[in-house]
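Observations on the model geometry
Here are the chains, one letter per residue:
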Amino acid sequence: MGDVEYIAELLADQAQRLSMFAGVSKHDQNDRFFLVVGVTGCGKSTFISRCTGRPVTVGRGLYSCTDSIDVYEFMSNGRRIHLIDTPGFNDTSRSDIDILGIFASWLGASYANGVRIHGLIVLHSIADNRMSGSNMRNLEMIKAICGFTSYANVIIATSMWPTAPTYPEKVTLENREAKLLGEERFFGFFTARGARVFRHNEDGSRDITREAASARYIVDQLVQQSELHIPDMLQLQREIVDQGKTLGETAAGIAAAGELYKERKSHEDQLQKLRAEITRRLHKSNDEYIAQLRELEADAEKKLKKARDDRHTLKQKMTDLHKTELRGLGEKMKEMDRLFRKEVSAREEELREMEESLREMRKDLARKSLEPCVEHEKAVGEARERAARVRSAYQRFNDQFRDILMSGPQMDNVMNGAVNGIAAGVTSGIVAAAVAGVMCTVM
Ligand SMILES: Nc1nc2c(ncn2[C@@H]2O[C@H](COP(=O)(O)OP(=O)(O)OP(=O)(O)O)[C@@H](O)[C@H]2O)c(=O)[nH]1
Ligand SMILES: [Mg+2]
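Given the structure is predicted, the values throughout are model-derived calculations rather than measurements. (Residues numbered from 1 in each chain as written. Chains lettered and ligands numbered in written order. Predicted model: local features only at pLDDT ≥ 70, side-chain atom pairs only at ≥ 80, totals over all residues. Heavy atoms only, no water.)

With respect to the sheet that holds strand β5 (residues 154-159)
The sheet built from six strands is open, its strands ordered β2-β3-β1-β4-β5-β6 with mixed pairing. Two strands close off the open sheet at either side, each with one partner strand: β2 (70-76) and β6 (196-199). Pairs of neighbouring strands in the sheet enclose a mean axial angle of 25 degrees, with direction left out of account. Lying over the sheet, helix α5 (residues 167-182) contacts β4 (119-125), β5 and β6, oriented at roughly 160 degrees with respect to β6. (Pairing = 2+ DSSP bridges. Helix = DSSP H or I, 4+ residues; strand = E, 2+ residues; numbered from the N terminus. Axes fitted to C-alpha atoms, helices over the stretch in contact; angles between N-to-C directions. Contact = heavy atoms within 4.5 Å.)

As structure tokens, this is what we get:
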């Protein structure tokens, strides 16, 4: 299978999985939807992959990989479980505000279409030797997104336990765990309000079967809990859908705006210092040093511009957030369409040339043996299959995404509709918007 076909297959598959979470296609009453959250690299996608036994996009190194919401499902005791993979709030390429916009878009649309979140798994790497700024920010955002009175449907799962630690290492980790789970400013906030705690893959084994057993055990606990109690809708859903707040007016938006203000101030200060330094050194220093300062200045300007764009995002309501997602989608789909057309014409050109040379060969009556002709006919048959496969993949891509692309101009009408109308009208759009962020690594 060629690259383009493969990507198209992945996209179509992903669109199908997302559509149930977004409420575009109907789910069963017994289905369970669980959010998996935590900082970048804490093992969310791996956890989901182990549970579902399916490939999930997994990050490499410091760069975060899960760039939008994605949903993976599996059957457990006859019940369909949907695990919702989410980007961390310490993403390397996007700001917390962008990430919050993704949460608001998806959670808002799915809530408005009648999908409830039955619980959350908060993963935290026990290998992190301190609660860094990003860990703390993640916690603040999770709290603000949930806003529950009871956190009984939340599980805190520690990940990345080492294999065969020494005794002192073990003691250090256990002390760290006790502190993390006990102190109100860390996970104590959640545990004091009913959240339960588990160690995921405690023996640090990288054996897939054992990891899967551990992950499934944790999910089972949430399933059982959801039998007893279904949590309230998330605070972010209530605010963005029922109360029609802008992102910046939601509790999570307010929390993110505080950080944004600090970041903006720091970029402004840095820029001011750099500019003063450039003016001071302009006639005294060598060109190379000035060029370095100019580079830093350009970088600080870029960051400041991003912070200003983020302020704009905070002023958006759910419908605007969808529009933004759809605009990005349009661009990506056009690019995909271009790649597909290129691939289709390349395969057709190849087929034409091979058929042409086969015709020439057949005409050559002086040929002594028919062997080369038979071989060539086989090759032409294969080229024909390749061309047909790409054509049909392109057709599938078109069928799946054309309506979504066409829906852009009609969006304004849908936007003025009732809440359910809003969600139903736009979720097919955001389903595709998310799938258009083509994956980075597939396990
Ligand atoms: N040692 C160890 N490594 C793990 C474990 N779980 C995941 N990893 C590795 O940690 C890295 C990050 O894992 P991911 O599952 O991509 O983390 P994530 O939370 O989805 O990251 P983002 O998508 O960037 O937010 C990958 O290289 C995994 O193979 C674990 O339990 N133990
Ligand atoms: Mg991930």
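Some thoughts on the packing of aromatic side chains
Here the distance between the centres and the angle between the planes together describe a pair of aromatic rings. By the definition in use, this model includes ten aromatic pairs. Between the aromatic rings of F187 and F190, the centroid separation amounts to 6.3 Å while the plane-to-plane angle is 40 degrees, which identifies the pairing as tilted. Here F187 and its partner F190 are both found in helix α6 (residues 184-191), three residues apart, which amounts to about one turn of the helix. A relative accessible area of 3% places F187 in the buried class. On the accessibility criterion, F190 (0% relative accessible area) is buried. A ring pair is formed by F198 and Y217, whose centres lie 5.9 Å apart and whose planes are at 80 degrees; its orientation type is edge-to-face. (Phe/Tyr/Trp six-rings, centres within 6.5 Å; stacked < 30°, edge-to-face > 60°. Buried < 20%, exposed > 50% of the residue type's maximum accessible area, 1.4 Å probe, protein only.)

Describing helix α2 (residues 44-52)
Across the nine residues of α2, nine count as buried, placing the element largely inside the fold. Those residues of α2 that sit buried are K44, S45, T46, F47, I48, S49, R50, C51 and T52. Where α2 is buried, its residues touch β1 (32-37), β2, β3 (79-85), β4 and α7 (208-228). Positive phi shows up at G53, right after α2, with a value of about 70 degrees.

Description of unusual backbone geometry
Not every positive phi belongs to a glycine, and M160 is a case in point at roughly 60 degrees. Residue placement: M160 occurs in the loop between β5 and α5. Note on M160: relative accessible area 41%, which makes it partly exposed.

A few points about the environment of D96
Position of D96 among the secondary structure elements: in helix α3 (residues 96-112). On the basis of relative accessible area, D96 is assigned to the buried category, the value being 10%. Counting along the chain gives 45 residues from D96 to M141, while the straight-line C-alpha distance between them is 9.0 Å. Dropping the residues within four chain positions of it, D96 is found in contact with F89, N90 and R137.

Focus: the confidence of the model for the chain
Chain-level pLDDT for the chain is 83 on average; 83% of the residues reach the 70-or-more range. Averaged pLDDT values over the elements of the chain bottom out at 35 in helix α13 (residues 411-415) and peak at 98 in β5. Contacts for the low-pLDDT stretch residues 59-65, under 50 throughout, to residues beyond four places or in other chains number twelve contacts. Counting contacts from residues 435-443, a segment whose pLDDT is below 50, to residues more than four positions away or on other chains yields 32 contacts. (pLDDT = per-residue confidence, 0-100.)

Side note on α7
With 21 residues, α7 should reach 30 Å at 1.5 Å per residue; the first-to-last C-alpha distance of 31 Å fits that figure. Along α7, the positions that sit buried rather than exposed are E211, A212, S214, A215, I218, V219, Q221, L222, V223, Q225 and S226. (Expected span 1.5 Å × (residues − 1).)

Considerations on the environment of G119
Residue position: G119 is located in strand β4. Along the chain, G119 and P231 lie 112 residues apart, while their C-alpha atoms are 7.1 Å from each other. Filtering out sequence-adjacent residues up to four positions away, G119 remains in contact with F33, F34, L35, N153, L222 and P231.

Things to note about the pairing of β5
Of all six residues making up β5, six are buried, and the element is well covered by its neighbours. The alternating pattern of β5 places V154, I156 and T158 and I155, A157 and S159 on opposite faces, both of which are buried. Summarising the sheet, β4 and β5 pair through six bridges and their orientation is parallel. Bridged to V122 within β5 is I156. You can see the chain leave β4, run along helix α4 (residues 133-146) and come back into β5, and the turn it takes is right-handed. As paired strands, β5 and β6 are joined by four bridges and run parallel to one another. Within β6, the position partnered with I156 by the bridge is V197. (Right-handed = clockwise from strand over helix to strand, strands pointing away.)

Some thoughts on the pattern of salt bridges
According to the stated counting rule, one finds 36 salt bridges in the structure shown. Across the pair E184 and R193 runs a salt bridge, and its minimum N-O distance is 3.4 Å. The class of E184 is partly exposed, set by a relative accessible area of 43%. For R275, the salt bridge identified is with E297, shortest N-O distance 3.1 Å. Taken together, the positions of R275 in helix α9 (residues 251-281) and E297 in helix α10 (residues 287-314) put the pair 22 residues apart, joining distant regions of the chain. Given the relative accessible area of 11%, E297 is considered buried. The structure contains a network of salt bridges with shared partners spanning K170, E174, E177, R199 and E202. (Salt bridge = Lys/Arg side-chain N within 4 Å of Asp/Glu carboxyl O.)

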